[in-house]
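A look at the structure
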Amino acid sequence: MPSPIKTIDYYYSTRSNFTYLGAARLNSLAQKYGWRIVHRPILLSVIMPPIGGLPFDARPTMLRNYAMNDALRWAEHLGISLQREPVYHDGPVELPSGIVIAGQRAVNRGEVGNIDLLSLKVVEALWRDDRDIADAAVIEDLCQQAGFVDPKSLISEALSPAVQAELERNCREAIIRGVIGAPTYFVEGENFYGQDRLEFVERALQKQSHAKKTL
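Residues numbered from 1 in each chain as written. Predicted model: local features only at pLDDT ≥ 70, side-chain atom pairs only at ≥ 80, totals over all residues. Heavy atoms only, no water.

With that settled, the discussion passes to helix H1 (residues 17–33). Given a rise of 1.5 Å per residue, 17 residues ought to cover 24 Å, and the 25 Å separating the end C-alpha atoms of H1 matches this to within 8%. The largest bend along H1 measures about 40° and falls at Ala 23. Counting buried positions over the 17 residues of H1 gives 12, a clear majority of the element. Three or more residues of H1 are buried, namely Asn 17, Phe 18, Thr 19, Tyr 20, Leu 21, Gly 22, Ala 23, Leu 26, Asn 27, Leu 29, Ala 30 and Tyr 33. Once H1 finishes, Gly 34 follows within two positions and takes phi at roughly 75°, a positive value. (Helix = DSSP H or I, 4+ residues; strand = E, 2+ residues; numbered from the N terminus. Expected span 1.5 Å × (residues − 1). Bend = angle between axes of the 7 residues up to and from the residue. Buried < 20%, exposed > 50% of the residue type's maximum accessible area, 1.4 Å probe, protein only.)

Further remarks concern the pairing of strand E1 (residues 7–12). Within E1, 5 of the 6 residues are buried, which leaves it mostly tucked inside the rest of the structure. For the segment spanning E1, H1 and strand E2 (residues 36–41), crossover handedness is right-handed. Of the pairings in the sheet, the one linking E1 to strand E3 (residues 184–187) comprises 4 bridges and is antiparallel in character. Paired with Tyr 11 across the strands is Thr 184, a residue of E3. (Right-handed = clockwise from strand over helix to strand, strands pointing away. Pairing = 2+ DSSP bridges.)

For the largest pocket, the calculated volume is near 920 Å³. Around the largest pocket, the lining comprises 38 residues; the ones closest to its centre are Ser 16, Asn 17, Leu 44, Phe 56 and Arg 59. For the lining of the largest pocket, the secondary-structure elements that each account for two or more residues are H1, helix H2 (44–47) and helix H3 (61–78). If one sorts the elements of the lining of the largest pocket by residue count, H3 sits on top with 7 residues. Taken together, the residues of the lining of the largest pocket break down into 19 nonpolar, 11 polar and 8 charged. (1 Å grid on protein atoms, 1.4 Å probe; cavity = no way out; pocket = protein on both sides within 12 Å on 5 of 7 lines; lining within 4 Å. Points joined across faces, edges and corners; volume = space filled by probe spheres on them. Nonpolar A, V, L, I, M, F, W, Y, C, P; charged D, E, K, R; others polar.)

To continue, consider the packing of aromatic side chains. Following the criterion strictly, the structure yields 3 aromatic pairs and no others. Here the aromatic rings of Tyr 11 and Phe 186 are separated by 5.7 Å at their centres, their planes lie at 75°, and the arrangement is edge-to-face. Within this pair, whereas Tyr 11 is found in strand E1, its partner Phe 186 is found in strand E3, the two being separated by 175 residues in sequence. Grouping aromatic residues by their ring pairs yields a cluster made of Tyr 10, Tyr 12 and Tyr 185. The ring of Phe 186 is capped by Arg 177, whose NZ or CZ atom sits 4.0 Å from the centre of that ring. (Phe/Tyr/Trp six-rings, centres within 6.5 Å; stacked < 30°, edge-to-face > 60°. Lys NZ or Arg CZ within 6 Å of the ring centre and 35° of its normal.)

Turning to the environment of Glu 111, a few remarks are in order. With respect to the helices, strands and loops of the structure, Glu 111 is situated in the loop between helix H4 (94–108) and helix H5 (115–127). Relative accessible area serves as the criterion here: at 40%, Glu 111 is assigned to the partly exposed category. For the pair Glu 111 and Pro 86, spaced 25 residues apart in sequence, the C-alpha separation works out to 33 Å. Polar side-chain contacts of Glu 111 include one of 3.0 Å to the side chain of Arg 109. (Polar contact = N/O pair within 3.5 Å; in protein donor to acceptor, adjacent residues only side chain to side chain.)

With that settled, consider the sheet that holds E2. As summarised here, the arrangement of the 4 strands in space is E2-E1-E3-E4, forming an open sheet in which the pairing is mixed. Where the open sheet ends on each side, the last strands, each with one partner, are E2 and strand E4 (190–193). Each adjacent strand pair in this sheet contributes to an overall mean axis angle of 20°, direction not counted. Contacting E1, E2 and E3, H1 runs over the sheet at an angle of about 170° to E1. Each of E1 and E2 touches H5; the most contacted strand, E2, lies at about 45° to it. (Axes fitted to C-alpha atoms, helices over the stretch in contact; angles between N-to-C directions. Contact = heavy atoms within 4.5 Å.)

On to the packing of H5 against helix H6 (residues 136–145). With their axes 9 Å apart at the nearest point, H5 and H6 run at an angle of 140° to one another. If you check the angle between H5 and H6, you find them oblique. Seen along the crossing, H5 lies across H6 with a hand that is right-handed. Contacts from Leu 117, Leu 118, Lys 121, Val 122 and Ala 125 of H5 reach H6 at Leu 142, Cys 143 and Gln 145. A class-by-class count of the residues in the contact of H5 with H6 yields 6 nonpolar, 1 polar and 1 charged. (Parallel < 35°, antiparallel > 145°, perpendicular 65-115°, else oblique. Left-handed = near helix turned anticlockwise from the far one by under 90°.)

Across soluble globular proteins, nonpolar side chains show a tendency to be buried alongside one another. Of all hydrophobic cores here, the largest spans 59 residues; its most connected members are Ile 99, Leu 118, Ile 139, Tyr 185, Val 201 and Leu 205. In contact with Ile 139, other than residues within four places in its own chain, are Leu 95, Ile 99, Ile 133 and Ile 155. (Core = buried A, V, L, I, M, F, W, Y, C linked by side-chain atoms within 4.5 Å.)

This is how it looks when you write it as structure tokens:
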């Protein structure tokens, strides 16, 4: 009997530049080690206050500037493009977060589409291309790029009460599990916060893969 596929729980904001910086590398790691990513979009405006943190727009200007400069340094280091001040940075979260949840549900139902690619396309659209990820036409295009065959139905599902309730549950679970920001990755229950911790995520995946081989 084949062993079940192990999963990486991935908590993130679809409007986070640091999520964007790590998204492609996380996808590569999951493919390399044969793990499945479980996408759990969250809202930082919801999870930060209960843990004593501040949403990005409520932080002191000096701290916001430093965080953006640090993101730009990382983008240069990684060799990827990052908009410093995208026009569409701020905006509604229901559609960009909901489309990831709806896409994951569709894949779990056996429908055609690549949820990891869709998630990547959403954050790339904002932070690389400065597209409005709250615009249904933009999301429809991203769904098509990720291989989903009925984007309009997926968009309707994304905005449904059931999917928006799942987004709220993700936020509650994130608080309970000790998520302190985005992106956060869980490997076998171990919490790794920040795209700059992906090296440690890979070490954890290597360790688990080695343990599986020695059983």
